[in-house]
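Single-letter residue listing:
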Amino acid sequence: MFEIQSSSHYDVVIVGGGVSGTHAAIAAGRLGAKTLLIEQFGFLGGSLTAMGVGPMMTFHNRAGKQLVFGTPNEMVDRLIARGASPGHILDSTGYCSTVTPFDAEILKVVMEEMVIEAGVDILYHTRLIDVKLENGQILSAMIHNRGGIQEVCAQQFIDASGDCELVKLAGVPFTLGREEDNKSQPLTMNLKVGNVDTHVLRKYIAQNWDQFDDSIRSEDKKEVLNRIKRISLWGFYDLWEKAKQNGEVSVPRDNVLFFETNTKGEFIFNTSRILGMNPTDPFDISRAETIGRKQCLEIFNFLRKYAPGFENATFISTAPHIGIRESRHPVASYILKADDLVNEVKFKNPIAVGGYPIDIHSPDGQTTNSVHLRDEGIYYIPADVLLVSELDNLLLAGRSIGADHFASAAIRVTPIAMAIGQGAGSLAGLAVTSNKNAKNVSYEQLKKVLQDNHVYLG
C-alpha cells in the first residue's frame, strides 16, 4: 500500500497536457470550472513539443476552406503576433491545402498563458498511477510527483493522455492498434536540423521535380515553389535509395519527409520509422527511443553527404519523446469509422469537424497509405465519441476518443485533436456548472457554447 501525502478537490481534472488536453483545460476553465491539468513533462504541447512534430497539419480541407477555428486558431493568432508562426500557409507537398509552421519554444509559452488566463492549475512532472471508482463514477485519481502520492477528487475527468491511461486504470474496455493483429502505426523519432541553405535547396528542387513529384501534386507544381513561404516536401528518391544501397541508411521508409519551421533554414524531418513495437510496452518504447536516435543520425549524415543545401547543416535535436501515432482505442459510446469520414456522415451532435485524410503509415513496411476526401470534403466528429458507457464522469479527448484504426489515422493530427479537446472541455465545464452528468447536458446547450467560442461545426 502507498501512503497518500495530500488530497485536493477540483471540478475538472484533465490527464495529459498535450494539445488536446491543453485546449480542453482552456475551455473548461473559461466556463468557470475549477480545473487541474496534469502533465508528465515540464511543458505543454505533447506531440508538437515533446515529440517534435511540425507543422500543424491542417486547419483546412483540400479545397482551402478553414474548418478548425475556436481556441486552436486563437493560439495560432497569438503565435503570429509574436512572430512565432507565418500562420496557415500553402502546403507544397500537395497532401493538404495548408500547413501551419511554428516556433515550438514560443508555443510552450503561448499555451501556458492561455491555460493560466483561464484560471487553470497546471501540475507538471506528474503521472497518473491509479483511480478510485464507485457506482459508475471516478471518485478520485492517484497521482505521483516529487511531492509523493496525492489524491485528486473531481466531478469530471478527461482522458487526454493519448495512450488512454485513465481509460485503462478505470477498467474501460479498449483495443490496441489494428483490430486484426493489434499492430499500431510505426513510431517515429523526429529530427530537427538548422543552417540549411534554402536557396540551394530550392534550386535543386526546381531542377529535379521528378525527385519530389507525386501523383497527388497539382499541375502547377513548378510555380508552387515560388509561392511557398516555407518548404514542405517529401522525396530525394534516388539519393535516398543510393544511400540505402550503400548501407548508409537502414530506415524502412521509401522517401524523406521534411518541413521548414517558423525559423527559415530550420527543418523538421518526420522520416524515421520504427516497426514492430508495441507503444504501450515500456521495453518496446525504450528500444524505440534508441533505434530512433540511431536512425536520425543516419538521416542527418545522409543529408550532409547527399542533399544539396544541407552541406553545412547543423544537428539541432531529436525529440524528447518518441512520436506515437496510435496505441489504445477505447470502446466509447460511438466508435468513429473510416466510412463515417469518407461518406461525410452528418451526425446530429458534432463537437468538431475536419478534413485531413485517412493517413496510415503502414505497420508492416515502408509505405504510407492515404484515403483523401473530395476536395470540398468535411467530416463530423460526434459527442458520443467522448463518452463511455461504464462511467458517468469520464470524457475522452484527442487521440483517446472512440475511433478505430482507420478513422484515428485521420483525426489524430493536432488541429483536429485541439478542436476535439475544446469540445470535451466545454462539455465537462457545462456538466459542472449546470450540476449535471455530462451525458445529460443537452446538445443544444453544448452547441451554443461551442459556437459562441467560434467553433465551426459544418
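The shown structure was predicted, so the numbers you read here are calculated from the model rather than taken from an experiment. (Residues numbered from 1 in each chain as written. Predicted model: local features only at pLDDT ≥ 70, side-chain atom pairs only at ≥ 80, totals over all residues. Heavy atoms only, no water.)

### Let's talk about the overall build of the protein chain
Each helix and strand counted, the protein chain has 12 helices and 20 strands in total. Compactness check: the protein chain gives a C-alpha radius of gyration of 21 Å against a globular reference of 23 Å for 458 residues, within 12% of the reference. Reported as C-alpha extents along the three principal axes, the dimensions of the protein chain are approximately 65 × 45 × 45 Å. Residue burial in the protein chain is summarised as follows: out of 458 residues, 61% are buried. Of the contacts made within the protein chain by residues no fewer than 6 positions apart, 71% connect residues no fewer than 24 positions apart. As presented, the protein chain carries roughly 17600 Å² of accessible surface, and 49% of it is formed by carbon and sulfur atoms. (Helix = DSSP H or I, 4+ residues; strand = E, 2+ residues; numbered from the N terminus. Rg over C-alpha atoms; globule rule 2.2 N^0.38 Å. Buried < 20%, exposed > 50% of the residue type's maximum accessible area, 1.4 Å probe, protein only. Contact = heavy atoms within 4.5 Å. Areas by Shrake-Rupley, 256 points an atom, 1.4 Å probe, with all protein chains shown as cover.)

### Notes on the side chain of Ser362
Tracing the sequence through the fold places Ser362 in the loop between strand S17 (358-361) and strand S18 (368-371). Within the structure, Ser362 has its side chain in polar contact with the backbone nitrogen of Asp364 (distance 3.0 Å). Those residues in contact with Ser362 that lie beyond four places of it in its chain are Pro186, Leu275, Thr367 and Asn369. (Polar contact = N/O pair within 3.5 Å; in protein donor to acceptor, adjacent residues only side chain to side chain.)

### Quick look at the packing of aromatic side chains
Enumeration over the complete set of coordinates arrives at 18 aromatic pairs. Ring geometry for Phe269 versus Phe310: centroids 5.7 Å apart, planes at 70°, classification edge-to-face. Of this pair, Phe269 sits in strand S13 (residues 267-269) while Phe310 is found in the loop between helix H8 (282-306) and strand S14 (314-318), placing the two residues 41 residues apart along the sequence. Between Phe300 and Phe315, the aromatic rings sit 5.2 Å apart at their centres with planes inclined by 70°, giving edge-to-face as the arrangement. (Phe/Tyr/Trp six-rings, centres within 6.5 Å; stacked < 30°, edge-to-face > 60°.)

### Thoughts on the nonpolar core
The biggest cluster of nonpolar side chains holds 108 residues, and the ones touching the most others in it are Ile381 and Leu394. Ranked by the residues each element gives to this core, the list is headed by helix H11 (residues 414-433), at 11 residues. The contacts of Leu394, once residues within four sequence positions are left out, are Ile138, Phe157, Asp159, Leu166, Val167, Val172, Leu386 and Val388. The next biggest cluster of nonpolar side chains, apart from the first, holds 42 residues, and it includes Ala243, Phe267, Leu303 and Ala307. (Core = buried A, V, L, I, M, F, W, Y, C linked by side-chain atoms within 4.5 Å.)

### Quick word on the layout of surface pockets
In this structure, the second largest pocket spans a volume of roughly 290 Å³. Those elements that place two or more of their residues in the lining of the second largest pocket are helix H3 (104-117), strand S10 (191-194) and S14. Tallying contributions element by element places H3 first for the lining of the second largest pocket, with three residues. Looking at the lining of the second largest pocket residue by residue, the classes come out as nine nonpolar, six polar and five charged. (1 Å grid on protein atoms, 1.4 Å probe; cavity = no way out; pocket = protein on both sides within 12 Å on 5 of 7 lines; lining within 4 Å. Points joined across faces, edges and corners; volume = space filled by probe spheres on them. Nonpolar A, V, L, I, M, F, W, Y, C, P; charged D, E, K, R; others polar.)

### Considering the pattern of salt bridges
All chains considered together, the criterion is met by 22 salt bridges. Here Asp163 makes a salt bridge to Arg399, at a shortest N to O gap of 3.2 Å. With Asp163 in the loop between strand S8 (148-159) and helix H4 (165-169) and Arg399 in the loop between strand S20 (394-396) and helix H10 (405-411), this residue pair connects regions lying 236 residues apart in the sequence. Judged by relative accessible area, which is 17%, Arg399 ranks as buried. Across the pair Glu344 and Arg374 runs a salt bridge whose closest N-O atoms are separated by 2.7 Å. You can see Glu344 sitting in the loop between helix H9 (338-342) and strand S16 (350-354) and its partner Arg374 sitting in the loop between S18 and strand S19 (379-382), a full 30 residues away along the chain. Sharing partners across several salt bridges, the network here consists of Arg178, Glu180, Asp181, Lys183 and Asp364. (Salt bridge = Lys/Arg side-chain N within 4 Å of Asp/Glu carboxyl O.)

### Re the pairing of S17
Residues Ile358 and Ile360 line one face of S17 and the alternating positions Asp359 and His361 line the opposite face, and both faces are buried. Here four bridges tie S17 to S18, and the two strands are oriented antiparallel to one another. For Ile358, the partnering residue across the bridge sits in S18 and is Val371. (Pairing = 2+ DSSP bridges.)

### Focus: the side chain of Gln422
Within the secondary structure, Gln422 sits in helix H11. What makes Gln422 buried here is its relative accessible area of 3%. Looking at Gln422, its side chain comes within polar contact range of the main-chain nitrogen of Thr71, at 3.0 Å. Once you skip the residues sitting within four places of it in the chain, Gln422 turns out to touch His23, Ala24, Ala27, Gly70, Thr71, Pro72, Leu450, Asn453 and Val455.

### Description of the packing of H11 against helix H12 (residues 443-452)
At a minimum axis distance of 10 Å, the contact between H11 and H12 shows a crossing angle of 125°. Taken together, the axis directions place H11 and H12 in an arrangement best described as oblique. Crossing geometry of H11 relative to H12 is assigned as right-handed. Here H11 contributes Gln422, Gly423, Ser426, Leu427 and Leu430 to the contact with H12, which in turn contributes Gln445, Leu446, Val449 and Leu450. Here the contact of H11 with H12 is composed, by residue class, of five nonpolar, four polar and no charged. (Axes fitted to C-alpha atoms, helices over the stretch in contact; angles between N-to-C directions. Parallel < 35°, antiparallel > 145°, perpendicular 65-115°, else oblique. Left-handed = near helix turned anticlockwise from the far one by under 90°.)

### A look at the sheet that holds strand S12 (residues 256-260)
Spatial strand order, S11-S12-S13-S10-S14: five strands in an open sheet with antiparallel pairing. Each edge of the open sheet is held by one strand with a lone partner, namely strand S11 (232-235) and S14. Along the sheet, successive strands turn relative to each other by an average axial angle of 25°, direction set aside. Direction of pairing for S10 relative to S14: antiparallel, over a ladder of four bridges. Directly across from Gly194, in S14, lies its bridge partner Thr314. Packed on one face of the sheet, H8 meets S10, S12, S13 and S14 and runs near 160° to S14.

Interpretation in functional terms is not warranted from these geometric data alone.
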